[in-house]
Amino acid sequence: MEQKIKAVQYGVGKMSIYTMKYMLEKGVEIVGAIDVAPQVIGKDIGEILGREKLGVIVTDVKEAKQMLENTKPDVCIVTTRSLFSEVEEAFMLCAELGINAISTCEEAFYPENSNPVLTNKIDELAKKNNCTITGTGYQDIYWGQLISSIAGSTQKITKIKGSSSYNVEDYGIALAEAHGAGLTLEEFDKQVASADRISAEERQKVIENGEYSPSYMWNVNGWLCSKLGLTVVSQTQKCVPQTYKEDIYSSTLDMTVKSGDATGMSAVVTTETKEGITIESECIGKVYGPDEFDKNVWTVEGEPTTTITVERPATVELTCATVVNRIPDVINAKPGYVTTDRIGDLDFKLKI
């Protein structure tokens, strides 16, 4: 009988409901779960999933190392925060113990262009202990592989332009806060937008110090350039607050966002390359009004020009299914911090 892949769920919030469900459906054995929240620590993951108890209790993050050493999982699924520095503890622990890790952390998708020092630190430890660390999710396909596949059918490219919107309510408080949701416009300008008003030299210094807070498309543009073999000459980012005509209640923030305050933001990242191809990508993350919905539109301009539109994508479910389908790829990848552009295209997995 073929041995099951053993996994530990690191972070038992909104996203984990789907990653755990999908892992169980595809034959992965969940041997542990980790969280910081008192309300879930000590609970059986079956209770969290709304089904019978499964005999797997959520462990306090303070006891994570001991639990991982005892359970010896093949992979750890990290669904906690959005910035690379915020998942450092989880990644370094997995790298130290030689455990493969996959995260939904958006910056982890291509962190070498926003936090190269920490990327190299994790890479070296993972190589030393023969494991693979990576980031994946919705962007792996809908901002990445889908676009590179269209490019593969194009004779000449002059520009790649993309826009994707998503409801921050679906992902949890970390993502909502990262988009400035709930801030006044003055607070947004000071806490979010001001980071864009620096020179390229100043930005590079911030990046090298590991203090840069990129929008999601910053890392996506880096991934696309790597995948397409393009050389980055310059990259800029501009974050603009989004507002709504009426007050909107956010269950994630547990507050009412007043009309005129920031419901989230639009971030536009423009990348110029040595090869003359411009990549301009926009992500719009906000608390949705009743008339708003997810949309993903990309255009590859050139010979020929092609546009693809995905309306109302189930971004949460697509993110989590991508993570689970990536498990065998990551287990079989070379050691180190390996971004998915170097792991290969993602295929559907009937069973894992």
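No experiment lies behind these values; they were computed from the predicted model shown.

S.K.: What is the right way to read the packing of helix H1 (residues 14-25) against helix H11 (residues 315-325) from this model?
M.R.: H11 packs onto H1 with a crossing angle of 45° between their chain directions and a minimal axis gap of 9 Å. By the angle between their directions, the pair H1 and H11 is classed as oblique. Read as a crossing pair, H1 and H11 show a hand that is right-handed. Contacts between H1 and H11 pair Met 15, Tyr 18, Thr 19, Tyr 22 and Met 23 from the former with Val 316, Glu 317, Thr 319, Cys 320, Ala 321, Val 323 and Val 324 from the latter. Tallied by class, the residues present in the contact of H1 with H11 amount to 9 nonpolar, 2 polar and 1 charged.

S.K.: What's the story with H11 in this structure? I'm lost.
M.R.: Since the α-helix turns once every 3.6 residues, residues separated by three or four places project in the same direction. The buried fraction of H11 is high, at 8 of 11 residues. Within the span of H11, buried status applies to Thr 315, Val 316, Thr 319, Cys 320, Thr 322, Val 323, Val 324 and Asn 325. Where H11 is buried, its residues meet H1, strand S4 (75-78), strand S5 (100-103), helix H6 (138-152) and helix H12 (327-332).

S.K.: Before we go on, may I ask you to explain unusual backbone geometry in this structure?
M.R.: Trans peptide bonds make up most of the peptide bonds, and negative phi angles are found at most residues other than glycine. In this structure, the amide linkage connecting Glu 303 to the following residue, Pro 304, adopts the cis form with an omega of -5°. Of note, Pro 304 is situated in the loop between strand S13 (295-303) and strand S14 (306-311). Unusually for a residue other than glycine, Lys 72 sits at a positive phi of about 50°. Here Lys 72 falls in the exposed class, since its relative accessible area comes to 58%. Unusually for a residue other than glycine, Asn 130 sits at a positive phi of about 60°. Within the secondary structure, Asn 130 sits in the loop between helix H5 (116-128) and strand S6 (132-135). Judged by its relative accessible area of 57%, Asn 130 is exposed.

Each value, and the rule that gives it
All residue numbers here refer to positions counted from 1 along the written sequence of the relevant chain. The model is predicted, so local features are restricted to residues of pLDDT at least 70 and side-chain atom pairs to those at 80 or more, both for listing and for counting; the totals for chains, interfaces and linings are taken over all residues. The side-chain numbers reported here are obtained from all heavy atoms of the structure, hydrogens and water having been left aside. In this analysis, axes come from line fits to C-alpha atoms, helices being fitted only over the stretch in contact, and the angle between any two N-to-C directions falls in the range 0 to 180 degrees. The secondary structure listing takes helices from DSSP runs of H or I that are at least 4 residues long and strands from runs of E that are at least 2 residues long, numbered from the N terminus. Here roughly perpendicular refers to angles of 65 to 115 degrees, roughly parallel to angles under 35, roughly antiparallel to angles over 145, and oblique to all remaining angles. It is the rotation of the near helix from the far one that decides the hand of a crossing: anticlockwise by less than a right angle makes it left-handed, clockwise makes it right-handed. Contacts between residues were defined by any pair of non-hydrogen atoms, one from each residue, lying within 4.5 Å. When residue character is reported, Ala, Val, Leu, Ile, Met, Phe, Trp, Tyr, Cys and Pro are called nonpolar, Asp, Glu, Lys and Arg charged, and the others, Gly included, polar. Burial here depends on accessible area, computed with a 1.4 Å probe over protein chains only, as a share of the maximum for the residue type. Under 20% is buried, over 50% is exposed, and the range in between is partly exposed.

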